[in-house]
Amino acid sequence: MAMARGVDLGSFPQPSVAAVFGAGGGIGSALIEAIRATHRFEHVLAFSRSSAPPIDLMDESSLERAAASAAGFGELRLVIVATGFLHDEHQRPEKNWRELEAGHLARSFALNAIGPALVMKHVLPRLPRSGKAVCAALSARVGSIGDNRLGGWYAYRASKAALNQLVRTAAIELARRSRDALCIALHPGTVDTALSAPFSATGVQVHEPATAARHLLAVIDGLTAEANGGFFDWRGEPVPW
């Protein structure tokens, strides 16, 4: 994809600061490397459980400290929430409604919707009032209600759909404060990470994390304020709500 290879994030004013929440994951770490490679930002900050300060999506105070720390380095122009939870040794995607469990649903919502919403709560007021600034949350096409034709994966689908609504709602409020800023949801495609590895179907295009990061940054670089509140895939195409 030519536009991804040439991404330079030149649409962002300088000097400025970029931050990735969830930088310990496959896509998050690749985003950090790709952003740094552009040399566009004076500071590129990686927040994870092991960063300084550390973050925990279940601990709002940690997210507030990270947002304040990032803004302390200068104008915060690019924030990517690269977190996401699908499965672990305690929880797997549901195949049918018989597998629904209240605790699993609550956990998915806490990690995929509530945590990112709290990042937005503390990041969006710190974005500059003029000039391009972007807060992007990694969502998923399976969170699209209009595109759901297979069913299953209740907790993941519903929590990502909730994230999409939270992004859309925050974008409306953000536009009243910062006319050039964007709050968007992005679908990175199927990426070769621990999250998707057990569920990659035959015939599905799978991207390496570095490739996915370049695609996402190319989309972000090409968006203007009119795209605020949108949901886009890795090609830059709108995804149905």
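See the structure above.
This write-up is about the structure you can find in this document. (Residues numbered from 1 in each chain as written. Predicted model: local features only at pLDDT ≥ 70, side-chain atom pairs only at ≥ 80, totals over all residues. Heavy atoms only, no water.)

1. Here we look at the sheet that holds strand β5 (residues 181-187)
Moving on, step 1. Ordered in space as β2-β1-β3-β4-β5-β8, the six strands form an open sheet in which the pairing is parallel. Unpaired on one side and paired on the other, β2 (43-47) and β8 (231-233) mark the two borders of the sheet. Taken pair by pair, the neighbouring strands of this sheet meet at an average axis angle of 20 degrees, ignoring direction.
Moving on, step 2. With five bridges connecting them, strand β1 (residues 17-21) and β2 associate as parallel partners. For Val20, the partnering residue across the bridge sits in β2 and is Ala46. (Pairing = 2+ DSSP bridges. Helix = DSSP H or I, 4+ residues; strand = E, 2+ residues; numbered from the N terminus. Axes fitted to C-alpha atoms, helices over the stretch in contact; angles between N-to-C directions.)

2. Here we look at the pattern of salt bridges
Moving on, step 1. By the definition in use, this model includes seven salt bridges.
Moving on, step 2. Among the salt bridges present, the one from Glu60 reaches Lys121, with a minimum N-O distance of 2.7 Å. In this pair, Glu60 sits in helix α3 (residues 60-71) while Lys121 sits in helix α4 (residues 102-123), placing the two residues 61 residues apart along the sequence.
Moving on, step 3. Lys121 gets classed as partly exposed once you look at its relative accessible area, which sits at 49%.
Moving on, step 4. Across the salt bridge formed by Asp233 and Arg235, the nearest N and O atoms sit 3.4 Å from each other.
Moving on, step 5. You can call Asp233 buried: its relative accessible area is 3%.
Moving on, step 6. Each of Arg141, Asp233 and Arg235 takes part in salt bridges that share partners, so that together they form one network. (Salt bridge = Lys/Arg side-chain N within 4 Å of Asp/Glu carboxyl O. Buried < 20%, exposed > 50% of the residue type's maximum accessible area, 1.4 Å probe, protein only.)

3. Section: the nonpolar core
In a soluble, globular protein the nonpolar side chains are often hidden away together inside.
Moving on, step 1. The biggest cluster of nonpolar side chains holds 36 residues, and the ones touching the most others in it are Phe21, Phe47, Leu76, Met120, Val123, Leu124 and Cys183.
Moving on, step 2. The set of elements that each furnish at least two residues to this core consists of β1, β2, α3, β3 (76-81), α4, β4 (133-138), α5 (154-177) and β5.
Moving on, step 3. No other element matches α4, which puts six residues into this core.
Moving on, step 4. For Val123, the contacting residues outside a window of four places in its chain are Phe21, Ala67, Leu76, Val79 and Cys135.
Moving on, step 5. The next biggest cluster of nonpolar side chains, apart from the first, holds 34 residues, and it includes Val7, Phe41, Leu186 and Phe232. (Core = buried A, V, L, I, M, F, W, Y, C linked by side-chain atoms within 4.5 Å. Contact = heavy atoms within 4.5 Å.)

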